[in-house]
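What follows is each chain in one-letter form.
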Amino acid sequence: SNEEVFEIAENIRKKIYDSKIPNENSLVEPFVTVSIGIASVIPTQETSCKSMIESADKQLYLAKKTGRNKICMIWFFTYYSINETVNNFEGRIKI
C-alpha cells in the first residue's frame, strides 16, 4: 500500500539521519541526509516506466527544493468514465 511504501522510505530517511554521518563539505547540513521521491500508480497499458520515473524524479526535486531530508510522494488513480467503458466494450457485447 502507499502507506507501507511511505513508512519504508521514512525508516530509511530516519536511519540515515540518525547515523550522524559527517557531511563536512555541505553548506546545508552537518550530517548526511536523504531526500526521497516516490510515485505510485495502479498501472494500465498506457502507463510507461519513463513517466513513472519522471514523476518520482519530480517528487525528489520537490523534496530537495522544500527543505531536504524529507519524502515527497504522489500517487495516481486510474478511472474510467461510463462513456469510455461503454466505448471499450462496444461490439463485444450484444444488447
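These notes cover the structure that comes with them. The model shown is predicted, which means the values in this text are computed figures rather than measured ones. (Residues numbered from 1 in each chain as written. Predicted model: local features only at pLDDT ≥ 70, side-chain atom pairs only at ≥ 80, totals over all residues. Heavy atoms only, no water.)

## As for the nonpolar core
Move 1: Core analysis: the biggest nonpolar cluster contains six residues, these being Ala 9, Val 34, Ile 36, Ile 38, Ile 71 and Met 73.
Move 2: Of all the secondary-structure elements, those providing two or more residues to this core are strand E1 (36–41) and strand E2 (71–76).
Move 3: The residues contacting Met 73, other than those within four sequence positions of it, are Asn 2, Val 5, Phe 6, Ile 38, Ser 40 and Gln 59. (Core = buried A, V, L, I, M, F, W, Y, C linked by side-chain atoms within 4.5 Å. Buried < 20%, exposed > 50% of the residue type's maximum accessible area, 1.4 Å probe, protein only. Helix = DSSP H or I, 4+ residues; strand = E, 2+ residues; numbered from the N terminus. Contact = heavy atoms within 4.5 Å.)

## Quick look at the environment of Ile 36
Move 1: Here Ile 36 is to be found in strand E1.
Move 2: C-alpha separation for the pair Ile 36 and Arg 13, spaced 23 residues apart in sequence, amounts to 7.9 Å.
Move 3: Dropping the residues within four chain positions of it, Ile 36 is found in contact with Ala 9, Ile 12, Arg 13, Leu 60, Ala 63, Lys 70, Ile 71 and Cys 72.

## Brief notes about the pattern of salt bridges
A side chain with one charge may pair with a side chain of the opposite charge, provided their charged atoms come close.
Move 1: Scanning the model with the defined rule gives two salt bridges in all.
Move 2: Residues Asp 18 and Lys 14 are paired through a salt bridge, measuring 2.8 Å at the closest nitrogen-oxygen approach. Residue Asp 18 and its partner Lys 14 are located together in helix H1 (residues 2–19), separated by four residues, close to a single helical turn. (Salt bridge = Lys/Arg side-chain N within 4 Å of Asp/Glu carboxyl O.)

## Remarks on unusual backbone geometry
Move 1: Of note in the backbone geometry, Lys 20 takes a positive phi value of approximately 55° without being a glycine.
Move 2: As for its position among the elements, Lys 20 is in the loop between H1 and E1.
Move 3: Lys 20 sits in the partly exposed class, given a relative accessible area of 36%.
Move 4: With a phi close to 50°, Asn 69 is a non-glycine residue in the positive phi region.
Move 5: Checked against the element boundaries, Asn 69 lands in the loop between helix H2 (49–65) and E2.

## With respect to the pairing of E1
Move 1: For E1 and E2, the ladder comprises six bridges, and the chain directions are parallel. Looking at E2, one finds that Ala 39 is bridged to Ile 74.
Move 2: The β-α-β motif built from E1, the intervening H2 and the parallel element E2 has left-handed crossover chirality. (Pairing = 2+ DSSP bridges. Right-handed = clockwise from strand over helix to strand, strands pointing away.)

## Observations regarding the side chain of Arg 13
Move 1: Among the structural elements, Arg 13 can be located in helix H1.
Move 2: You can call Arg 13 buried: its relative accessible area is 13%.
Move 3: Looking at Arg 13, its side chain comes within polar contact range of the side chain of Asn 69, at 3.0 Å.
Move 4: Ignoring sequence-local partners within four residues, the contact set of Arg 13 consists of Val 34, Ile 36, Asn 69, Lys 70 and Ile 71. (Polar contact = N/O pair within 3.5 Å; in protein donor to acceptor, adjacent residues only side chain to side chain.)

## Looking at H1
Move 1: With 18 residues, H1 should reach 26 Å at 1.5 Å per residue; the first-to-last C-alpha distance of 26 Å fits that figure.
Move 2: Of the residues flanking the end of H1, it is Lys 20, one or two places downstream, whose phi is positive at about 55°. (Expected span 1.5 Å × (residues − 1).)

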